[in-house]
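Coordinates in review
Residues per chain, in single letters:
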Amino acid sequence: MKVIDYVLLTLVIIGAINWGLIGFLDFDLVRVIFGDMSLLSRIIYAAVGIGGLYAISYYGRIHTTSE
């Protein structure tokens, strides 16, 4: 389970960096590297979204490990 956690956390970090670049510099790194809504860029956006949804489970784990 730890491998999935690290992979999805990495995806969330990549997504956060990309959104930071969009917000601060109006620069979409995923679009520049993989094309404007190409199949590959859509897969990356979807994977980042799934990683974000999975990261919600970290809240439950923090609660159970702190008790």
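Located above this text is the structure these notes cover.
Residues numbered from 1 in each chain as written. Predicted model: local features only at pLDDT ≥ 70, side-chain atom pairs only at ≥ 80, totals over all residues. Heavy atoms only, no water.

Points about helix α3 (residues 39-55)
Note on helix geometry: an α-helix contains 3.6 residues per turn, so any two residues three or four positions apart are oriented the same way. The terminal C-alpha atoms of α3, which comprises 17 residues, lie 24 Å apart, in line with the 24 Å expected from a rise of 1.5 Å per residue. Every buried residue of α3 is accounted for by S41, I44, V48, G51, Y54 and A55. The buried residues of α3 occupy an angular sector of 145° when the element is viewed end-on, so they sit on one face. Facing away from the buried side of α3, by more than 90 degrees, are the exposed residues L39, I50 and L53. (Helix = DSSP H or I, 4+ residues; strand = E, 2+ residues; numbered from the N terminus. Expected span 1.5 Å × (residues − 1). Buried < 20%, exposed > 50% of the residue type's maximum accessible area, 1.4 Å probe, protein only. Arc of directions from axis to C-beta.)

Some details on the environment of V30
If you trace the backbone, V30 turns up in helix α2 (residues 29-34). Exposure remark for V30: the relative accessible area of 9% places this residue in the buried category. The spacing of V30 and G49 is 19 residues in sequence and 14 Å in space, taken between C-alpha atoms. Look past the residues within four positions of V30 in its chain and what remains in contact with it is N18, G35, S41, I44 and Y45. (Contact = heavy atoms within 4.5 Å.)

Brief notes about unusual backbone geometry
Peptide bonds are, in most cases, trans, and in most cases residues other than glycine have a negative phi. Backbone geometry places D26, a non-glycine residue, at a positive phi of 55°. Inspection of the secondary structure puts D26 in the loop between α1 (2-25) and α2. Note on D26: relative accessible area 67%, which makes it exposed. Backbone geometry places M37, a non-glycine residue, at a positive phi of 55°. For M37, the location among the structural elements is in the loop between α2 and α3. A relative accessible area of 45% means that M37 is categorised as partly exposed.

A look at α1
If you check α1, its first and last C-alpha atoms are 34 Å apart, about what 24 residues at 1.5 Å a residue would give, namely 34 Å. Looking only at α1, the buried set comprises D5, L8, G15 and N18.

Here we look at the packing of α1 against α3
Running from N to C, α1 and α3 point in directions that differ by 115°, and their axes come no closer than 8 Å. Seen along the crossing, α1 lies across α3 with a hand that is left-handed. Contacts from I4, D5, L8, L11, V12, G15 and N18 in α1 reach Y45, A47, V48, G51, G52, Y54 and A55 in α3. Among the residues forming the contact of α1 with α3, the class breakdown is 9 nonpolar, 4 polar and 1 charged. (Axes fitted to C-alpha atoms, helices over the stretch in contact; angles between N-to-C directions. Left-handed = near helix turned anticlockwise from the far one by under 90°. Nonpolar A, V, L, I, M, F, W, Y, C, P; charged D, E, K, R; others polar.)

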